[in-house]
Amino acid sequence: MQTVVNIPETDKQRIVIIGAGFAGLTLAKKLVDKGYQVVVFDRNNFHQFQPLLYQVAMSGLEPSSISFPLRKIFQKKKDIHIRMAEVIEVKVAEKYLTTNIGRCNFDKLVIATGATTNFYGNEQIAKNTFSLKSTGEAMYLRNQVLRDYETALITRDYEIRQKYLDTVVVGGGATGVELAGAIAELKHFILPKDYVELDNKEVDVYLVHSGERLLPGMSQKSGAAAEEFLLKMGVNVIKNTTVTDVTEDSVTLSDGRVITTKKVIWAAGITGNKLAGLEHAILERGNRYKVDPYHKLVGFEDIYAIGDIASMSVPDYPEGHPQVAQTALQQAHNLASILISGKMKPFTYKDKGSMATIGRNRAVVDFKLGHFHGFFAWILWLVVHLMALIGTRNKIFVFLNWVWNYITYDQSLRLILRASKDGKWPS
Ligand SMILES: Cc1cc2nc3c(=O)[nH]c(=O)nc-3n(C[C@H](O)[C@H](O)[C@H](O)COP(=O)(O)OP(=O)(O)OC[C@H]3O[C@@H](n4cnc5c(N)ncnc54)[C@H](O)[C@@H]3O)c2cc1C
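Numbering of residues begins from 1 in every chain and follows the order in which that chain's sequence is written. Only residues with pLDDT of at least 70 are given local features in this predicted model, and only at 80 or more are side-chain atom pairs given and counted; all residues enter the totals for whole chains, interfaces and linings. Excluded from the side-chain calculation are hydrogens and water; included are all heavy atoms of the structure.

Caption draft 1: Inspection of the sheet that holds strand β24 (residues 363–367) at higher detail. Reading across from one edge, β23-β24-β25 is the order of the 3 strands in this open sheet, with antiparallel pairing throughout. Single-partner strands in this sheet number two, and they are β23 (354–357) and β25 (370–373). When the angles between neighbouring strand axes are averaged without regard to direction, this sheet yields 10°. As paired elements, β23 and β24 share 4 bridges and run antiparallel to each other. Note that in β24 the partner of Thr-357 across the bridge is Ala-363. Pairing between two strands is assigned when DSSP locates at least 2 bridges connecting them. Only DSSP runs of H or I with at least four residues qualify as helices, and only runs of E with at least two residues qualify as strands; both kinds are numbered from the N terminus onward. Helix axes are fitted to C-alpha atoms over the stretch in contact, other axes to C-alpha atoms as well, and angles between N-to-C directions run from 0 to 180 degrees.

Caption draft 2: Molecular detail of helix α5 (residues 135–153). Here the expected span of a helix is defined as 1.5 Å times the quantity of residues minus one. Look at α5: 27 Å from first C-alpha to last across 19 residues, which is about the 27 Å you get at 1.5 Å a residue. Of all the residues in α5, the buried ones are Thr-135, Ala-138, Met-139, Leu-141, Arg-142, Asn-143, Val-145, Leu-146, Asp-148, Tyr-149 and Ala-152. Any two residues having at least one pair of non-hydrogen atoms within 4.5 Å are treated as being in contact. Elements that come into contact with the buried residues of α5 comprise β3 (46–48), α2 (53–57), β4 (67–69), α6 (158–165), α7 (174–194) and β17 (263–266). Think of it in three bands: residues with accessible area under 20% of the maximum for their type are buried, residues over 50% are exposed, and the middle band is partly exposed, with areas taken using a 1.4 Å probe on protein chains only.

Caption draft 3: Structural context of the site of the ligand. When at least one non-hydrogen atom of a residue lies within 4 Å of a molecule or strand, that residue is treated as near it. The full set close to the ligand counts 28 residues, and Ala-23, Asp-42, Val-87, Asp-308 and Ala-325 are the nearest of them. Between N or O atoms, a polar contact is any pair within 3.5 Å; within protein, one atom must be a potential hydrogen donor and the other a potential acceptor, and residues adjacent in sequence are included only when both atoms are from side chains. A distance of 2.8 Å separates an oxygen atom of the ligand from a polar atom in the backbone of Ala-23. Note that an oxygen atom of the ligand is positioned 2.9 Å from one of the backbone N or O atoms of Asp-308. Per-residue accessibility takes into account occlusion by the displayed protein chains alone, with areas from the Shrake-Rupley method and a 1.4 Å probe. Burial of the ligand by the protein amounts to 91% of the accessible area it has alone, namely 990 Å². Looking at the shell around the ligand, the elements with two or more residues in it are α1 (22–31) and α9 (325–341). A class-by-class count of the residues in the shell around the ligand yields 12 nonpolar, 11 polar and 5 charged. Under the convention adopted here, Pro, Cys and the residues Ala, Val, Leu, Ile, Met, Phe, Trp and Tyr are nonpolar, Asp, Glu, Lys and Arg are charged, and Gly plus all remaining residues are polar.

Caption draft 4: Examining the pattern of salt bridges more closely. One side-chain nitrogen of Lys or Arg within 4 Å of one carboxyl oxygen of Asp or Glu is enough to make a salt bridge. Tallied over the full model, the rule gives 17 salt bridges. One salt bridge connects Glu-62 with Arg-142, and the closest N-O pair in it is separated by 3.8 Å. Residue Glu-62 is located in the loop between α2 and β4, and its partner Arg-142 is located in helix α5; the two are separated by 80 residues in the primary sequence. In this structure Glu-62 comes out as partly exposed when scored by relative accessible area, which is 25%. Salt-bridge contacts for Glu-301 lead to Lys-296; the nearest nitrogen and oxygen are separated by 3.4 Å. For Glu-301, a relative accessible area of 59% gives the class exposed.

Caption draft 5: Just the sheet that holds strand β14 (residues 243–246), in detail. Taken in spatial order, the 3 strands of this open sheet run β14-β15-β16, and their pairing is antiparallel. Single-partner strands in this sheet number two, and they are β14 and β16 (258–260). Neighbouring strand axes in the sheet, compared pairwise and without regard to direction, differ in orientation by 20° on average. With 3 bridges connecting them, strand β15 (residues 250–253) and β16 associate as antiparallel partners. Bridged to Thr-252 within β16 is Val-258.

Caption draft 6: Molecular detail of the environment of Leu-215. By the element assignment, Leu-215 lies in the loop between β12 (205–208) and α8 (220–232). Take Leu-215: its relative accessible area is 2%, and that puts it in the buried class. When the C-alpha positions of Leu-215 and His-385 are compared, they lie 19 Å apart, and in sequence the two are 170 residues distant. Contact partners of Leu-215, with chain neighbours within four places excluded, come to Gly-172, Gly-173, Ala-174, Val-177, Ser-222, Gly-223, Ala-226, Ala-356 and Val-364.

This is the structure in structure tokens:
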């Protein structure tokens, strides 16, 4: 049996939270100093703001601007213990977890593990594509994008050069649309300045989407406006088409087309981060744990799930609430209130609207009362995302970055960083 993780045993009830994303972190902040001993496990020692990952990947923001160290958030708090670890299994009957640093018992357990990229079981696609669910992946993509431009510069053969210059984004949801827009901006504003020797016209950006319209989670008008914006930016939007194969340097589409590229970014779906030991839990679509209106895992005692990993079926959302930050935050607040007060208040979701941005000056916004797009939608997108970031420093840095970028059409963040002992690339 594993050794016990070094956490003091007290007479307080121990609540263990797995995951310090929007849901887990918000819950921990609410529960701390409220009579429980709170233990938070996350594989990272920081919280990551996923909505802006694409800007890190495209060298628009530094990773530290959208990540926040967990220990700093709780610096002056007692009775909270943060452990950077991978949770492996839940021992339901014995009420403890196994992790890569030891085991940890719990009185109550909250699963807030979020979701990861869904490759639909296709190992070939998983191996040969890039995904964007974490700061690490965003940095990896950023390095690759910049290295590919360096390689293109020294590649004389036209055909081979295309592999390094072209990018295919798969998935026309918010992540895919925002990414495609950001890559198009890189092409138009950065490449002509940084890589004057490259012919900008050789750079192609594709967005491949299986559905009839982009942004399926938003209104028809938003989907249409996003498509129009992308087309204006020179993105090749390919709809009603799926990817059938991806190799190291090409992608094959369901219409038979083959695009030569080394960069396929997979943004075509997510799947819940399940945990071993919960095989008897009811799994809903997208590998989400079925919970009751009080966030309790159906069929379990003292185990809860919130955020992207949870699925609560209610008349307005029979397939569960949207997997967005607002759901995670609101569920965390409701569960905190139940755990602190003991009052069983069923969860109700307040839809505050949704938005996506497509490059500078362009965004689409859906509110309950209607839709709008263009410059004011973009300003609103900026304000909402700025306010949602954790930490005053991050807010200021991101704001200054955006202002600088807006004025100069440029950023100075295009470093290819080598994270190795001797500072060299692995051969
Ligand atoms: C690129 C991108 C763009 C997005 N844009 C938007 C947007 O514009 N607006 C919006 O509302 N939503 C957006 N979302 C969705 C939003 O980020 C998620 O809905 C939200 O993060 C869900 O919060 P969560 O706490 O459930 O999960 P997460 O934020 O994913 O947090 C889960 C945490 O659990 C940790 N974890 C997982 N498994 C383990 C384990 N076994 N052991 C230890 N730790 C573990 C992870 O490290 C992570 O910190 C976007 C998502 C992505 C990926």
